[in-house]
Amino acid sequence: AKEQLNYLTDYLKSEGVEVSSTQEDNLLFLKNGFSGLDKILVENFDIIRLITSARVPVIKPGKVATPVRSYGFEVSVEEDLPIVCVVDTGVQAQVEPLAELMTDITIDHTGTAALWDEVGHGTAVAGLIAFGTDFYDYSLEEIPAKARLAVLKVIHEQNDDLNIVALIRDIRELYLSYDIRIFNISLNLPGSKPYNGAIGKFAFELDKLAYELDILIINSVGNYKFEDIDTMYLLGDLDIEAHYPSFFYQTTPEIEGHSCEFTNLQEPSESMNNLSVGALAGNFEPEVTDGITPAKEYPAFYSRKSHWDSSALINNAKLKGNQRNKHLNKPDLVFEGGDYLSLEAGMEVLSSPQHSSPYFARLAGTSLATPLITSMVARLVNEYPELKMTSIKALLINSAESPAGKNPPHFNSADTKKLFHKLTGNGRPNPDRFMESNEDSISFVIEDSINFDGFYSFDLRFPDWVLSTKNKIELTATLVYKFLPVSNNHLASLPLHISFGIFKPTDIAVMSQQDLENFQLRSGVSWAEDHFGVEDRVFSNVQKVCYSISSHHFDADNPSVAIAMRCYGKSTIPQADFRHLRESAHPFSLVIGLREIPRTKKSKLSGSLYNDIEALNELQAIADLEAGSSVEGGI
């Protein structure tokens, strides 16, 4: 091996390729290569395990003529970037790209040091928050930072105990003292939620905290133990092709030595006022890897699913139709987290120079998908600082799409389609949808509040040309509201019910007193969430609808729709909780996106939807919001 290594380095230098290596000579960094070099090396040198084109450290001359190794890219930092708190294993202070982004805000629960990361987990998470998906654009020599970083070190080693009381206290203090509104928690309590299990105490406290403060906690759903996947695979109990996706849900019979309940999410990711994230198997690299998941667009084998199961028996009976809720789901979103079984299938992340894989390492997990979503949250907060965090959450969810198309081959039956939804939630957010509008699309936000037993309505006017066009208007709307949770109540932890619907224009006095079936814009499309059976139903504080509107859906002489909101709640709850429901105004955020869709590939678009909608409704569109402008109580 040593002879081959010497011959390899001599060959590279003779071809004008610059070579640097680690002290152990187990990692070579090549610069100024040429087309076909990778093929030559693979075919002629048996000592090569892996060749990858990715970010590598760069050696530069130091001030006193000694070589200095850097991470190979520069960082640009805007003023007034939002601060994100990394709740993790600490962040390594010596990591050069993060140095300028670190604030003086640090808290340590471990008695070690907040800026010392023994295991590297928090540093990897911090890098993905700071740079987002731009980190994987290897052509970028300068990456714009998405956030500045505060550190809340809650564990030192990955299996340390978590002080939940101190964590809750410190999140509150960081918000009140420093106005930090974004918290990334890529950590979970051990174990998995039982099917239809009650909300845990940790998740309850996070729900309460997010209700009281204008914050958003982004939490991973947790990983199935990699060690257990290894064991099952090596023993032959896990067949990759035969057991995907039944690994996540198969009860008759279960896979030998495996319970599908073990793939349910981990606490506190069931928290409903916050945002939970699962992982896809992709790693932003186009090459095919030898990971364990059948496709990079699929939920990764280790990712976890919603623990709500409407088909499971409760007290020897199935849930009634009006007790089921299609909107009740976790994770909220999914994003790339890398795959498992081989190093190259993982995601590249920042590491500290003293670690075994210096500068850049390969990992996989929902822990990595989560900070990439957090980075998007920071981008939105930076762009629209006056929006409430419920609106930021709604914008992300409203932009989300299925990561594997409408009919992924492994999820093509009725049962597996439900499973796909349990694993992916609302899908993968599309930054192009929430950050940009154009002449043929527009997004806007309504931030307002509604009283208990109240009814709320406003008209949205479309241009006259929608009455005659053959094109369609795609409407995507997402409602998010916060609630004060009720403790120790399985069905009524979320006691508040707010829902919305889009109907034909009708006087609010009529709408609020009649069955709205006669006013439906489209047949079969009414309220986003049914309000019947209030006491028995488990609510969802996130509701999303998406459908197309054609010219025939409008009244012949009135190109308008009525957007209605209503508020109910449970009465079979403690008196103090019910008094809070009745006496409080309940804030909500509703995001509405409109896009003109051509009828055929040759159909022309109007090119005026954005301007017409804005002018007819005197809207302030989301793309035009400026720092300091308030959208509270309006559009």
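Reading the values: rules and limits
Within each chain, residue numbers correspond to sequence positions counted from 1 in written order. A pLDDT threshold of at least 70 governs which residues receive local features in this predicted model, and a stricter bar of 80 or more applies before side-chain atom pairs are shown or counted, although totals over entire chains, interfaces and linings include all residues. Only hydrogens and water are removed before side-chain values are computed, so all heavy atoms of the structure are retained for them. Helix numbers and strand numbers start at the N terminus; a helix is a DSSP run of H or I with at least 4 residues, a strand a run of E with at least 2. Throughout, a residue-residue contact means that at least one pair of heavy atoms, one from each residue, lies within 4.5 Å. All accessibility values rest on the Shrake-Rupley procedure with a 1.4 Å probe; residue burial counts only the protein chains present in the view. In this charge count, Lys and Arg are treated as positive and Asp and Glu as negative; neither His nor the chain ends contribute. The location of each charge is read from NZ of Lys, CZ of Arg, CG of Asp or CD of Glu. Two joining distances apply to patches: 9 Å for like charges and 5 Å for nonpolar side chains (Val, Leu, Ile, Met, Phe, Trp, Tyr), and every residue must have over 30% relative accessible area and no salt bridge. One speaks of a salt bridge when a side-chain nitrogen belonging to Lys or Arg is within 4 Å of a carboxyl oxygen belonging to Asp or Glu. The set of buried Ala, Val, Leu, Ile, Met, Phe, Trp, Tyr and Cys residues whose side-chain atoms join them within 4.5 Å is what this entry labels a nonpolar core. For every residue, the accessible area obtained with a 1.4 Å probe (protein chains only) is divided by the maximum for its type, and the residue is called buried under 20%, exposed over 50%, and partly exposed between those limits. Think of it this way: DSSP has to see at least two bridges between two strands before they count as a pair. Every residue carries a pLDDT, the predictor's confidence in it, which falls somewhere between 0 and 100. Each helix should span, by expectation, one fewer than its residue count multiplied by 1.5 Å. Angles shown run from 0 to 180 degrees and are taken between the N-to-C directions of axes, each axis being a line fitted to C-alpha atoms and, for helices, limited to the stretch in contact. For this analysis, a ring pair means two rings from Phe, Tyr or Trp (six-membered ring only for Trp) whose centres lie within 6.5 Å, classed as stacked if their planes differ by under 30 degrees, edge-to-face if by over 60, and tilted for the remaining angles. Look at NZ for Lys and CZ for Arg. If either is within 6 Å of the ring centre and within 35 degrees of the ring normal, a charge sits over the ring.

A. The arrangement of the overall build of the chain in detail. Across its full length, the chain carries 14 helices and 22 strands. In terms of overall dimensions, the chain has a C-alpha envelope of 85 × 55 × 50 Å along the principal axes. The contacts in the chain between residues at least 6 apart in sequence include a share of 79% that link residues at least 24 apart. Within the structure as shown, the chain displays about 28,300 Å² of accessible surface, and the carbon and sulfur contribution to it stands at 47%. Averaged over its 54 positive side-chain charges, the chain has a centre that lies 6 Å from the centre of its 87 negative ones.

B. Structural view of a nonpolar patch on the surface. Taken together, Tyr233, Leu234 and Leu341 make up a surface patch of nonpolar side chains, about 300 Å² in accessible area. Relative to the elements of secondary structure, Leu341 occurs in the loop between strand 13 (333-336) and strand 14 (347-350).

C. Expanded view of the nonpolar core. Counting 85 residues, the largest nonpolar core has Leu98, Phe131, Ile373, Val377 and Leu396 as its most contacted members. Looking at this core element by element, the count peaks at nine residues for helix 8 (residues 366-383). Counting 47 residues, the second-largest nonpolar core is a separate cluster that includes Tyr456, Leu496, Val525 and Val545.

D. Here's a closer look at the pairing of strand 22 (residues 585-597). In this sheet, strand 22 lies alongside strand 16 (residues 441-451) in antiparallel orientation, the contact comprising 10 bridges. Bridge pairing links Ser443 to Gly593 in strand 22. Pairing of strand 18 (residues 472-481) with strand 22, which is carried by 10 bridges, proceeds in the antiparallel orientation. The residue of strand 22 that forms the bridge with Leu479 is Leu590.

E. Just the confidence of the model for the chain, in detail. On average, residues of the chain score 89 in pLDDT, and 92% of them reach the 70 mark or higher. Confidence drops under a pLDDT of 50 for residues 626-635, and excluding neighbours within four residues, the segment shows 22 contacts in the predicted structure.

F. Broad picture of unusual backbone geometry. For the bond running from Tyr244 to Pro245, omega is 10°, close enough to zero to count as cis. Tracing the sequence through the fold places Pro245 in the loop between helix 7 (226-235) and strand 12 (275-280). A positive phi angle, near 60°, is found at Asp80, a position not held by glycine. Here Asp80 is to be found in the loop between strand 5 (74-76) and strand 6 (83-88).

G. Helix 1 (residues 2-14), seen in detail. With 13 residues, helix 1 should cover 18 Å at 1.5 Å per step; its first-to-last C-alpha distance of 18 Å lies within 8% of that length. Along its buried surface, helix 1 packs onto strand 1 (18-21), strand 2 (28-31) and helix 2 (37-44). Count one or two residues on from helix 1 and you reach Gly16, which has phi positive near 80°.

H. A look at the sheet that holds strand 19 (residues 496-503). Spatially, 17-21-19 is the arrangement adopted by the three strands of the open sheet, whose pairing is antiparallel. Strand pairing shows two members of the sheet lacking a second neighbour, strand 17 (455-461) and strand 19, which therefore form its edges. Averaged over all adjacent pairs, the angle separating strand axes in this sheet is 15°, with direction ignored. Pairing analysis gives seven bridges linking strand 17 to strand 21 (residues 560-569), with the strands arranged antiparallel. In the sheet register, Phe455 faces strand 21, and the bridge partner there is Arg566.

I. Layout of the side chain of Lys393. Examined against the element boundaries, Lys393 turns out to sit in helix 9 (residues 389-399). Of the side chains with opposite charge, Asp332 lies nearest to the buried Lys393, which makes no salt bridge, at 4.7 Å. Those residues in contact with Lys393, other than ones at most four positions away along the chain, are Leu216, Met272, Asn273, Asn274, Leu275, Asp332, Val480 and Val542.

J. Summary view of the packing of aromatic side chains. Applying the stated rule across the entire model yields 28 aromatic pairs. Seen from their ring centres, Tyr298 and Phe411 are 5.3 Å apart, and the 90° between their planes marks the pair as edge-to-face. In this pair, Tyr298 is assigned in the loop between strand 12 and strand 13 and Phe411 in the loop between helix 9 and helix 10 (414-424), connecting sequence segments 113 residues apart. The same class applies to Tyr298 as to Phe411, namely buried. By the ring-pair criterion, three or more aromatic residues cluster together here, those being Tyr71, Phe73, Phe131, Phe135, Tyr136, Phe284, Phe335, Tyr359 and Phe360. The ring of Phe539 carries Lys570 above its face, with NZ or CZ at 4.5 Å from the centroid.

K. The pattern of salt bridges, seen in detail. Counted by the stated rule, this structure contains 14 salt bridges. Across the pair Lys193 and Glu270 runs a salt bridge whose closest N-O atoms are separated by 3.1 Å. Placement of the pair is Lys193 in the loop between strand 10 (182-185) and helix 6 (201-212) and Glu270 in the loop between helix 7 and strand 12, with a sequence separation of 77 residues. A salt bridge links Arg433 to Glu401; its shortest N-O distance comes to 3.1 Å. Taken together, the positions of Arg433 in helix 11 (residues 431-435) and Glu401 in the loop between helix 9 and helix 10 put the pair 32 residues apart, joining distant regions of the chain. On the accessibility criterion, Glu401 (34% relative accessible area) is partly exposed. Connected through shared salt-bridge partners, Glu401, Arg433, Glu474 and Arg595 make up one network.

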